[in-house]
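# Structural characterization, general
Here are the chains, one letter per residue:
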Amino acid sequence: MSFQIISPAIDIAVIAIALAIISMMVQIKFLNWKKTRQLQSSIKEKNKKAMELMKKGDESSKREAEELQKQVMQEMQAQFQNMPKQLIVSMIIFLPPFLLIQNLYSSAGFIITLGFEVPLLGAKWGWLKWYFVCAFIAGIVINAIVSKLEKKGAF
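In this text, all values refer to a predicted model and were calculated from it rather than measured experimentally. (Residues numbered from 1 in each chain as written. Predicted model: local features only at pLDDT ≥ 70, side-chain atom pairs only at ≥ 80, totals over all residues. Heavy atoms only, no water.)

### Considering the layout of surface pockets
Within this model, the largest pocket holds a volume of roughly 470 Å³. Surrounding the largest pocket, 23 residues form its lining, Leu19, Ala20, Ser23, Gln27 and Phe94 being those nearest its centre. Taken together, the elements giving at least two residues each to the lining of the largest pocket come down to helix H1 (8-30), helix H2 (33-56), helix H4 (83-105) and helix H5 (127-151). Grouping the amino acids of the lining of the largest pocket by side-chain chemistry returns 16 nonpolar, 6 polar and 1 charged. (1 Å grid on protein atoms, 1.4 Å probe; cavity = no way out; pocket = protein on both sides within 12 Å on 5 of 7 lines; lining within 4 Å. Points joined across faces, edges and corners; volume = space filled by probe spheres on them. Helix = DSSP H or I, 4+ residues; strand = E, 2+ residues; numbered from the N terminus. Nonpolar A, V, L, I, M, F, W, Y, C, P; charged D, E, K, R; others polar.)

### Some remarks on the environment of Gly122
Of note, Gly122 is situated in strand E2 (residues 122-125). Gly122 has contacts with Leu114, Phe116 and Glu117, leaving out every residue within four places of it along the chain. (Contact = heavy atoms within 4.5 Å.)

### Topic: the packing of H1 against H5
Two numbers describe how H1 lies on H5: the axes approach to 8 Å, and their chain directions differ by 40 degrees. Looking at the two axes, H1 sits oblique to H5. Both H1 and H5 take part in a crossing whose hand is right-handed. Contact residues: Ala9, Ile12, Ala13, Ala16, Ile17, Leu19, Ala20, Ile21, Met24 and Ile28 in H1; Trp127, Trp130, Tyr131, Cys134, Ala135, Ala138, Gly139, Ile142, Asn143 and Val146 in H5. The residue makeup of the contact of H1 with H5, split by class, is 18 nonpolar, 2 polar and no charged. (Axes fitted to C-alpha atoms, helices over the stretch in contact; angles between N-to-C directions. Parallel < 35°, antiparallel > 145°, perpendicular 65-115°, else oblique. Left-handed = near helix turned anticlockwise from the far one by under 90°.)

### Brief notes about the nonpolar core
Counting residues in each nonpolar core, the largest one holds 18 residues, and the members touching the most others are Ile12, Ile111 and Trp130. Sorting the residues of this core by element identifies H1, H4, strand E1 (112-118) and H5 as the ones contributing at least two each. Broken down by element, the residue count for this core peaks at 6 residues, all from H1. Residues in contact with Ile111, not counting those within four places in the same chain, are Pro8, Ala9, Ile12, Trp125, Gly126, Trp127 and Trp130. Counting residues in hydrophobic clusters, the runner-up holds 5 residues, among them Ala20, Met24, Ala138 and Ile142. (Core = buried A, V, L, I, M, F, W, Y, C linked by side-chain atoms within 4.5 Å. Buried < 20%, exposed > 50% of the residue type's maximum accessible area, 1.4 Å probe, protein only.)

### Regarding the packing of aromatic side chains
Evaluated as defined, the whole model comprises 5 aromatic pairs. Between Phe98 and Tyr131, the aromatic rings sit 5.5 Å apart at their centres with planes inclined by 70 degrees, giving edge-to-face as the arrangement. Of this pair, Phe98 sits in helix H4 while Tyr131 is found in helix H5, placing the two residues 33 residues apart along the sequence. Given the relative accessible area of 5%, Tyr131 is considered buried. Ring geometry for Phe98 versus Phe132: centroids 6.0 Å apart, planes at 45 degrees, classification tilted. Linking Phe98 in helix H4 with Phe132 in helix H5, this pair joins segments that are 34 residues apart in sequence. In this structure Phe98 comes out as partly exposed when scored by relative accessible area, which is 22%. The class for Phe132 is partly exposed, based on a relative accessible area of 46%. Feature note: the residues Phe98, Trp127, Tyr131 and Phe132 constitute an aromatic cluster, connected by ring pairs. (Phe/Tyr/Trp six-rings, centres within 6.5 Å; stacked < 30°, edge-to-face > 60°.)

This is how it looks when you write it as structure tokens:
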């Protein structure tokens, strides 16, 4: 018998959603959220412009596209400088709850059994697959909400 508050599936889903919210809050508060978003936007725009220039095919456009790609690489390098810090913060946040979930729910067996096969995931999901699916979906929803709030000037 495994541990449960409501049911293993609901318990793990709530934990995954809570950790996704905490992760987003930490990113916004401590990991220079605005700068990261600005860099991502700049990279996207420069890549788009470089692709348009490459389609033109003339030498001047190619040189300009290459210069844009150099700028993109520099901006990506700046973005990756925060990665070690973000990795450490993420480990501190996620490792203890993740180990707790494993200890409490690993004996639950299959938590979710679907009536159909999901590519790469199958039809029967244990605690690990269920956690990652919940965290993935929660992350997408939270990111969309934060993006909307960001556009409204909340950040």
